[in-house]
Amino acid sequence: MKRKYYPPKGEHVYFVNWDCFICGFDYDPTNVFDAILVKMGNCFKTEEDAADNVEEMQSRFGQLLHYAEELSRKRGGHDEMETADI
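Residues numbered from 1 in each chain as written. Predicted model: local features only at pLDDT ≥ 70, side-chain atom pairs only at ≥ 80, totals over all residues. Heavy atoms only, no water.

> For this particular structure, what's the right way to read the overall build of the protein chain?
Across its full length, the protein chain carries three helices and two strands. Starting at the N terminus, the α and β elements of the protein chain follow one another as β-β-α-α-α. Taking as baseline every contact in the protein chain between residues at least 6 positions apart, the subset at least 24 positions apart corresponds to 49%. As presented, the protein chain carries roughly 6,200 Å² of accessible surface, and 52% of it is formed by carbon and sulfur atoms. (Helix = DSSP H or I, 4+ residues; strand = E, 2+ residues; numbered from the N terminus. Contact = heavy atoms within 4.5 Å. Areas by Shrake-Rupley, 256 points an atom, 1.4 Å probe, with all protein chains shown as cover.)

> So what exactly am I meant to see when it comes to unusual backbone geometry here?
Even without a glycine there, the phi angle at C20 is positive, about 70°. With respect to the helices and strands, the residue C20 is situated in the loop between β1 (12–16) and β2 (22–26). For C20, a relative accessible area of 23% corresponds to the partly exposed category. (Buried < 20%, exposed > 50% of the residue type's maximum accessible area, 1.4 Å probe, protein only.)

> Hey, could you run me through the nonpolar core in this one?
Taken as a class, soluble globular proteins show a tendency for nonpolar side chains to be buried jointly. Counting residues in each nonpolar core, the largest one holds eight residues, listed as Y14, V16, M40, F44, A50, V54, M57 and F61. Of all the secondary-structure elements, those providing two or more residues to this core are β1 and α3 (54–74). Sort the elements by how many residues they give to this core and α3 lands first, with three residues. When near neighbours in sequence (up to four residues on either side) are disregarded, V54 contacts V16 and C20. (Core = buried A, V, L, I, M, F, W, Y, C linked by side-chain atoms within 4.5 Å.)

> Can you walk me through the packing of aromatic side chains in this structure?
Any aromatic ring pair is given by two values, namely how distant the centres are and how the planes are angled relative to each other. Within the structure shown, the criterion is met by three aromatic pairs. Aromatic side chains F15 and F33 sit 5.7 Å apart centroid to centroid with 80° between the ring planes, which places their arrangement in the edge-to-face category. Here the residue F15 occupies a position in strand β1, and F33 occupies one in helix α1 (residues 32–39), the gap between them amounting to 18 residues. Its relative accessible area of 11% is what places F15 among the buried residues. Centre to centre, the rings of W18 and F61 are 5.3 Å apart; their planes meet at 50°, and the pair counts as tilted. Of this pair, W18 sits in the loop between β1 and β2 while F61 sits in helix α3, and the two are 43 residues apart along the sequence. For W18, a relative accessible area of 39% gives the class partly exposed. These aromatic residues form a ring-pair network of at least three members: F15, F25 and F33. (Phe/Tyr/Trp six-rings, centres within 6.5 Å; stacked < 30°, edge-to-face > 60°.)

Here it is in structure tokens:
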């Protein structure tokens, strides 16, 4: 995994989505989704950088899903939603 990339506002960058497809977007630091992508290290300057990190992002999505499931159990929630295997 390369160092996290912190783009300037408005730069066209790339991320790996849940289905491991590479998507582009114009970075906006006031957008919560954009900020989360940067914080989790899922923001890349080029499509090639994103492609080189698909497996790492897939692993991180699995970690996030596990964490969300743990939080739900701790709060007495029920996991009624089916999730895809990662």
